[in-house]
Amino acid sequence: MDHHSVHAVEGIDPRLSITRSDAPDPLPLPPVVLLHGFGSSSHRNWVDTGWVRVLNDAGRSAIMIDLPAHGDSAAPADAGAYAPSRMRADILQALFDERVLPLEADSATSGVDVIGYSLGSRLAWELGATQPEMIRRMVLGGPGTADPLADFDLAGAERSLAGGPPSEDPTTADLLRMAQAVPHHDLPSLLAMVSAIKTEPFTPDSAVPKMPLLLVAGDQDDYAAGIADLERWAPDARTVRIAGRNHASTITARQFKDAAVDFLS
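Residues numbered from 1 in each chain as written. Predicted model: local features only at pLDDT ≥ 70, side-chain atom pairs only at ≥ 80, totals over all residues. Heavy atoms only, no water.

## Topic: the overall build of the chain
Helix and strand content of the chain: nine helices and eight strands. Relative to the 2.2 N^0.38 estimate, which gives 18 Å for 265 residues, the radius of gyration of the chain is 17 Å and therefore close to what a compact globule would have. Projected onto its principal axes, the C-alpha coordinates of the chain cover approximately 60 × 45 × 35 Å. When the 265 residues of the chain are sorted by exposure, 54% land in the buried category. Here the contacts in the chain between residues at least 6 apart in sequence split such that 74% fall between residues at least 24 apart. (Helix = DSSP H or I, 4+ residues; strand = E, 2+ residues; numbered from the N terminus. Rg over C-alpha atoms; globule rule 2.2 N^0.38 Å. Buried < 20%, exposed > 50% of the residue type's maximum accessible area, 1.4 Å probe, protein only. Contact = heavy atoms within 4.5 Å.)

## Some remarks on the pairing of strand E2 (residues 17-21)
When you tally the buried positions in E2, you get five out of five residues, the bulk of the element. Of the two faces of E2, the one carrying Ser 17, Thr 19 and Ser 21 and the one carrying Ile 18 and Arg 20 are both buried. Of the pairings in the sheet, the one linking E2 to strand E4 (residues 62-65) comprises four bridges and is antiparallel in character. Bridging across to E4, Thr 19 finds its partner in Met 64. (Pairing = 2+ DSSP bridges.)

## Some thoughts on the pattern of salt bridges
Inspection of every chain in the model, using the stated rule, returns 12 salt bridges. Across the pair Arg 60 and Asp 113 runs a salt bridge whose closest N-O atoms are separated by 2.7 Å. Of this pair, Arg 60 sits in the loop between helix H2 (51-57) and E4 while Asp 113 is found in strand E5 (residues 112-117), placing the two residues 53 residues apart along the sequence. Judged on exposure class, the residue Arg 60 and its partner Asp 113 are both buried. When the shortest N-O distance is used, the salt bridge between Asp 174 and Arg 177 registers 3.5 Å. Here Asp 174 pairs with Arg 177, and both are found in helix H6 (residues 170-180), just three residues apart, close to one helical turn. (Salt bridge = Lys/Arg side-chain N within 4 Å of Asp/Glu carboxyl O.)

## Details of the nonpolar core
Phe 38 and Ile 65 are the most contacted members of the largest nonpolar core, which has 53 residues in total. Per-element tally for this core: the top contributor is helix H7 (residues 187-198), with seven residues. Setting aside anything within four residues of it in sequence, one finds Phe 38 in contact with His 70, Leu 119, Leu 149, Leu 175, Ala 179, Leu 190, Met 193 and Val 194. (Core = buried A, V, L, I, M, F, W, Y, C linked by side-chain atoms within 4.5 Å.)

Structural data, given as structure tokens:
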């Protein structure tokens, strides 16, 4: 795998970690950008779960981007670096750095496909709506209309991290557990991300991606509430529900991988 960082733009360096894994026998199709969830990382979401291997074996090259304060990316002191609009701009810059060209009718390898999970799905939905000239198809895992990070009990999480009782909000406690499960995470920076996301809550019906979408969620995933609305709003979307899976376990499902590879082919 080729591992590097996105370059500085106009004096602002997000220091995002970018990892590329090229297929040994690539098909004439664009690379697949992989966007992980909150409290995770590219390696945890996509390498450890076998996604990169499956994509490479299917002839697809993968570009993984660690979000700020996640994985091998830096944790910027600037709170604005964690706003969804800023993260989307940095992701777009990463694509330019990877020499991704806008979609062209006579070039099968132009643009990108995108697979996002959880927070990565939220960013992908917005990126697809605002940058349609770059994205051919998208697979969104664990998506919903709710915004759990916007509703996150920030004060309760801070008390818990300071040695107090857990937050009484079960979603906040669950998200905090996921963040704490990854060694070496900068938890204050992750809370800074939550604070920034609260300033830009997710409103998926205000800007809708028009490219083909595959929406995937476990049938026990409470975070995917409203997935039927996403399918209804998008002009070219379909949904796959995976039996017996919740938000944490859907990412590992072989059915998810097979559906994604088939859809993106």
